Every structure is written in structure tokens, then in C-alpha cells.
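The chain contents come next:
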Amino acid sequence: MKLKNTLTRKIEEFVPLREKEVGIYLCGLTVYDRMHIGHIRSFIPFDILVRYFKYKGYKVTFVRNFTDVDDKIINRALQEGKTAQEIAETYIKLFYEDISHFELAKPDFEPRVTENIQEIIELIQKIIRNGYAYVSDGDVYFEVDKFKDYGKLSGMSKDDMLAGARVEVSEKKRNPLDFALWKQKKYDYEPSWKSPWGEGRPGWHIECSAMSMKYLGETFDIHGGGQDLIFPHHENEIAQSESATQKTFVRYWLHAGHLFIGGEKMSKSLGNIITVPQILNMFHPEVLKLFIIKSHYRSNIEISGIEDIKKEEKTLVNFYYNIEFLVDKLKINHEEINKVEPDESAVSNFEKALEEDMNTPEAISIIFSEYDKAIREGSKYTFLKFLKFLNVASDILGVFGRIQVLGRTSFIEDEIRRRCEQKGYNYEEICSLIEKRNELRKEKRFQEADEIRRKIMEIGIYLQDTELGSRKIPV
RNA sequence: GGCGACGUAGCCAAGCGGACUAAGGCAGGGGACUGCAAAUCCCUCAUUCCCGGGUUCAAAUCCCGGCGUCGCCUCCA
């Protein structure tokens, strides 16, 4: 497996610390608001990475945190007249609800800041003891000038950072670039804990150092997140962790590109977000997944309009429709699929694509080439081999696997039902209407039959008459 | 100002010096099938990879110089 390491700026062969084992830490969310599809975008590549390692027989330890203590949570709580804890709980709950639709690999650990205060305090003490941090009026700051490698991840020198001149200046700090490890409590409404430096709470960044090392060790394999976390978040994590342990913190840093909308980065501060419930109202979650996966994980994805995403729905509909048609036509069942082996070259090409720094667009094109071959040839054996391959590929990518005969729910069926529901029809009602149309067609009363098709079309279902009868296509 | 990314068909998007007369998806065109039909099948759809130089037997791929988009340097996935 080759991966682009942000630290070295190179695509490197991944060699795990311990053979056939891999530790992965993914920066989760600060829970002060509902998640949007940009978050999903950055989670998906890591989901595929985890699945792929498992598929390859690795023992994977996957950690994804919740940052549940933070200024933004406190501010939100203040606005809504609630406690910070209530805000965090609310959004953690909504997070689980939102993310469940996307069927991402479940982390082995989901630590929260509030449950790791002791670990954080101990880590800060260690950093102070090693001479990299200082106490200043109840706050603790990391002293950037003491850590000679500061800037190695983002590729910036301290002078460069200062040139930006947008750092928070404070007389409590020795250098404007110094950042807080611990913040003294100032107001009653702030959540706080006792510490050797007085009542207070952890600064941003330190929690990820403490929690990742707790579950994965002082040095671990992979740490990931969105590109925007490179600086300052991940840069600071490195500084803190390495000055505490004097060891390499993370061996491979992976960063996912962002989602753009109308030429601007999707972000809460710009207010141009599409939330998960909004997108689910329009599309099946798999549509968004495909939209995301068809671009490389490091590239930014521009959404110029909702039609961009709609195109992927069309792709999925065509794909699934044709497969299900052949499944029915060839009368294929689950047992038969399990009797064949997947096409060897298809699997090896597919793996090769993913091993090249997770080239999912390439992997998808391989699925389509195989699909073309299988559909076109129409022989049962070739098609069975394709389905078996699809079973493997879709387990890793998390798309193209919603086929009943593979033991999953059917995408087409889901979409038909969803369209009925949205327009206030019940599924059975539509089915009997289709029956009626078939009768009319037998009697060659085509005008009336076409009228029914037109009516059903208004729900977003097109009726395609085939040798196997009328089939429903979501449009 | 500093650091970095990118510029491939109408749109999205692979390509990591030689099987590129450039994958794959969506859209488009022609034909077949069909009572009709946006599904399916067959054919077609970039002589060319932002521009200009250079290196090489060989470049979309490497180097230099332009031009153009964008991100990070402040909270952010």
C-alpha cells in the first residue's frame, strides 16, 4: 500500500510498525453543530482505508474522537442557555444518527475529551517537565521556540507563520505562536476541572495527542483528517507529543481534500453548508458516497450544483437496474454466486488501484469495465464471476453492493419506495396500477397504458417494458 | 508576503517517461430492438492533455518561464 505522507510530501510504501497490524487515528468532530457533507467527505477515505487493511488481513485499531470541550461548544451553550455538556451530548447523538446512514466502519474507540482529562493533565505535566511548556497565570503554553522541528508538517518556518500575523497576541505568551495546553477558568459557565495549575480546561490540540497515544501508543502508524487540520492542529499535536515522549509521534499523516460549493470551501463559518438531513432528503446516501469516491481523496471537490450529485444517482440506477435485470433473467441465486471465484485479474487490478494511494476513481473504472464485459457477454458464468468480484469490491468501497442477491437491500427497491413515500403514494398502490397497465397493454389499449406510465413518471418512476415484464426505473 | 495544490473532451474525473492512436461516469449524435418509450445492444464522441521553451530515442507525464484557478498561514473535516 502506497500512501501520500503529508510529512514527507511523498507517496511512500506503507510499512506498519508491527507486522500485519495498523493503528489509525482520525480526527473526529468538535460537537457544537450538526455535521455536514464536508465531514462525510473526509471520513470516507479513512473508512475505505480501514476496510482495505482488514480485507488484507491486518489487525486494525481504529480510533475516532469527539472533541466535547471547546470554545465553540461553550459559546453555543451560552447562546442557547444550556450547559456545554448538554450541547455536546445533543450533537453527539445527532452525529450518530447522521453518520449511521453512510455505513462507515465503526471505530474501535471513540474517546471524548471529558473522559480523558487525567490523561491530558499528565501529558501536559510531562511536557512541562521536559522543558517545552510554561505556566503563565493559570494557563499553560507550549513554547514553540523550544521545539526545533516546529513547522515540519505544514512546511512553514516560524517566520512564515508570524508573517501571517493573525495569531493571537497575549502578554501571557512568550512568543505569539505559543499555544495553550491548558486554559484557566474565567467564567462560571465554563466547564472546568482541577489541575496542578488551578481550575481550567484543556486547550485545543492536546486532547488528540493524549487520546491517540492512549489507545495507539506513543508512536503509531496513521493519523488523518481534513486538510485544514494540517496547521495548526496537527502541527501542534506533533510538537506536544514529540516533546513529551522524545519519539516520533505519527509515521504517516494523511489528509483529505475539501468540498467546495460555488467556488468556496464549504464551512460553517461561511454558512454554505449542506447538512446530512438535507442531502438525505434529496438522495440515497450511496449517491453522495459515489460522488465523493469518484474523485481522489486528496483533491478538492467542487459542487457547482445539485445536478452534479444527481448524475451519480443516474449512474447507480443504470448500474443496479441492469444487474438486477440480468440476475432475474439468468435466475441467479446467492448459492450460485458463492460457488464461483471472483475474476482474478479484476481483483488484482482493483487492489492495485487502491494500493496506489487509494485511487478510488481508478478502482471504480475497473468495476465499470468488468461490469460492461459481464453485461455484454450475458453468459451466466461470466456474470456470476462478476457478481463475486463486485461482492469483494463493494465491501471495500461501500458502493455498488446494494443488490438483493448479494444478501443486501436493493438500491432500486429503496429508491422506488422512497419516491412513493415522498409523493404520498404507497408502494402496493403503484404496483397494482402497473398490473392494470399490463392488462391494458395485453388488450392493446396503448393510450390508456401510456397514460398510466405518464402518471407514474410523475412520481419519478419510469416503466420499462421488457421480456421479463414492466420494470421500474427510478429517474 | 510565506507555504502548498491544481489546470486533461460539453460536465465530472484517472493517467506517477514507452502497449496513450488518453481509463471510467454523465451528457450528446447515428442505428438496432420496441405498439411507443429516456432501459439494453452496436457504432460514434479529446490527432490531443492551459501557453511557450528545454531534457530525452521517447513527455499529458521530467525541468525552466509565463498565464490562470484555488487552499493554508485565524475557527474549520
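Not measured: the values here are computed from a predicted model.

Caption draft 1: Structural view of the pattern of salt bridges. Overall, the coordinates contain 53 salt bridges when judged by the stated rule. Between Lys146 and Glu143 there is a salt bridge, with its nearest N and O atoms 3.2 Å apart. With relative accessibility at 45%, the residue Lys146 sits in the partly exposed group. By relative accessible area, which is 11% here, Glu143 ends up buried. The salt bridge partner of Arg445 is Glu443, with a shortest N-O separation of 2.7 Å. Within the structure, one salt-bridge network assembled from shared partners comprises Lys310, Glu313, Glu415, Arg418 and Arg419.

Caption draft 2: Quick peek at the packing of aromatic side chains. The final tally for this structure, using the stated rule, is 30 aromatic pairs. Aromatic side chains Phe66 and Phe95 sit 5.1 Å apart centroid to centroid with 85° between the ring planes, which places their arrangement in the edge-to-face category. Of this pair, Phe66 sits in strand β4 (residues 59-67) while Phe95 sits in helix α3 (residues 84-100); the two residues are 29 residues apart in sequence, bridging distant segments of the chain. As far as burial versus exposure is concerned, Phe66 and Phe95 are alike and both buried.

Caption draft 3: Examining the packing of helix α10 (residues 306-329) against helix α14 (residues 380-397) more closely. Interaxial distance between α10 and α14 falls to 11 Å at its minimum, and their mutual angle equals 135°. Here α14 runs oblique to α10, going by the angle between their axes. Crossing of α10 against α14: the hand is left-handed. Residue-level contacts link Phe319, Ile323, Leu326 and Val327 of α10 to Phe383, Phe386, Leu387 and Leu390 of α14. Classifying every residue of the contact of α10 with α14 by side-chain character gives 8 nonpolar, no polar and no charged.

Caption draft 4: A nonpolar patch on the surface, seen in detail. A surface patch of nonpolar side chains, about 320 Å² in accessible area, is lined by Leu78, Tyr187 and Tyr189. Among the structural elements, Leu78 can be located in helix α2 (residues 71-80).

Caption draft 5: Broad picture of the layout of surface pockets. Estimates place the volume of the second largest pocket at around 300 Å³. Glu324, Asp328, Ile412, Glu413 and Arg471 are the residues nearest the centre of the second largest pocket, which is lined by 16 residues in total. Ranked by residues supplied to the lining of the second largest pocket, first place goes to α10 with 5 residues. Each residue belonging to the lining of the second largest pocket can be placed in one class, and the counts come to 8 nonpolar, 3 polar and 5 charged.

Caption draft 6: Looking closely at the environment of Tyr150. In this structure, Tyr150 sits in the loop between β6 (139-142) and α5 (158-164). Sequence separation between Tyr150 and Ile261 is 111 residues; the distance between their C-alpha atoms is 33 Å. Polar contacts involving the side chain of Tyr150 include one to the side chain of Asn236, which spans 2.4 Å.

Caption draft 7: Local environment of the nonpolar core. In this structure, Leu49, Phe53, Ile222, Ile323, Phe383 and Phe400 are the most contacted members of the largest nonpolar core, which totals 112 residues. At 10 residues, helix α1 (residues 37-55) tops the list of elements feeding residues into this core. Excluding anything up to four places from it in sequence, Phe383 contacts Ile323, Leu326, Val327, Leu330, Ile332 and Ala374. The next biggest cluster of nonpolar side chains, apart from the first, holds 40 residues, and it includes Val113, Phe142, Trp182 and Cys208.

Caption draft 8: Examining the pairing of strand β1 (residues 2-5) more closely. Of the two faces of β1, only one is covered, namely that formed by Leu3 and Asn5; the face formed by Lys2 and Lys4 stays uncovered. What sits between the antiparallel neighbours β1 and strand β2 (residues 10-13) is a turn of 4 residues, in which Arg9 has the positive phi angle 65°.

Caption draft 9: Spatial organisation of the protein's contact with RNA strand B. Near RNA strand B you find 61 residues, and of these Trp204, Gly226, Met266, Lys294 and Arg376 are the closest. When the atoms of RNA strand B within 4 Å of the protein are grouped by moiety, sugar and phosphate amount to 57% of the total. Lys72 has a polar side-chain atom sitting 2.7 Å from a sugar or linking oxygen of RNA strand B. In the environment of RNA strand B, a base nitrogen lies 2.3 Å from a nitrogen or oxygen atom belonging to the backbone of Met266. When residues of the surface near RNA strand B are assigned to their parent elements, the largest contribution, 8 residues, is made by helix α13 (residues 360-377).

Caption draft 10: Region of the structure containing empty space enclosed by the protein. Scanning the model with the defined rule gives 4 cavities of 30 Å³ or more in all. The calculated volume of the largest cavity comes to roughly 60 Å³. Of all the elements in the fold, those that place two or more residues in the lining of the largest cavity are α1 and α9 (285-293). The leading source of residues in the lining of the largest cavity is α1, at 4 residues. A breakdown of the residues in the lining of the largest cavity according to their chemical character gives 7 nonpolar, 3 polar and 1 charged.

Caption draft 11: How the structure looks around the sheet that holds strand β7 (residues 179-184). Read from one edge to the other, the open sheet built from 4 strands follows the order β5-β6-β7-β8, with strand pairing classed as antiparallel. Each of the sheet's edge strands pairs with one partner strand only, and the pair in question is β5 (133-136) and β8 (200-202). Between one strand axis and the next, the sheet turns through 20° on average, direction left out of account. For β6 and β7, the ladder comprises 3 bridges, and the chain directions are antiparallel.

Caption draft 12: Structural detail: the state of the cysteines. Counting across every chain of the model gives 0 disulfides. Here Cys27 is not cross-linked by a disulfide; its sulfur's nearest cysteine counterpart is in Cys208, at 3.8 Å. For Cys27, a relative accessible area of 6% translates into the label buried.

The rules behind these values
Residues numbered from 1 in each chain as written. Chains lettered and ligands numbered in written order. Predicted model: local features only at pLDDT ≥ 70, side-chain atom pairs only at ≥ 80, totals over all residues. Heavy atoms only, no water. Salt bridge = Lys/Arg side-chain N within 4 Å of Asp/Glu carboxyl O. Buried < 20%, exposed > 50% of the residue type's maximum accessible area, 1.4 Å probe, protein only. Phe/Tyr/Trp six-rings, centres within 6.5 Å; stacked < 30°, edge-to-face > 60°. Helix = DSSP H or I, 4+ residues; strand = E, 2+ residues; numbered from the N terminus. Axes fitted to C-alpha atoms, helices over the stretch in contact; angles between N-to-C directions. Parallel < 35°, antiparallel > 145°, perpendicular 65-115°, else oblique. Left-handed = near helix turned anticlockwise from the far one by under 90°. Contact = heavy atoms within 4.5 Å. Nonpolar A, V, L, I, M, F, W, Y, C, P; charged D, E, K, R; others polar. Patch = residues over 30% accessible without salt bridge, like charges linked within 9 Å, V, L, I, M, F, W, Y side chains within 5 Å. Areas by Shrake-Rupley, 256 points an atom, 1.4 Å probe, with all protein chains shown as cover. 1 Å grid on protein atoms, 1.4 Å probe; cavity = no way out; pocket = protein on both sides within 12 Å on 5 of 7 lines; lining within 4 Å. Points joined across faces, edges and corners; volume = space filled by probe spheres on them. Polar contact = N/O pair within 3.5 Å; in protein donor to acceptor, adjacent residues only side chain to side chain. Core = buried A, V, L, I, M, F, W, Y, C linked by side-chain atoms within 4.5 Å. Pairing = 2+ DSSP bridges. Near = heavy atom within 4 Å. Disulfide = S-S within 2.5 Å.

The quantities given are spatial measurements derived from coordinates; they are silent on function.
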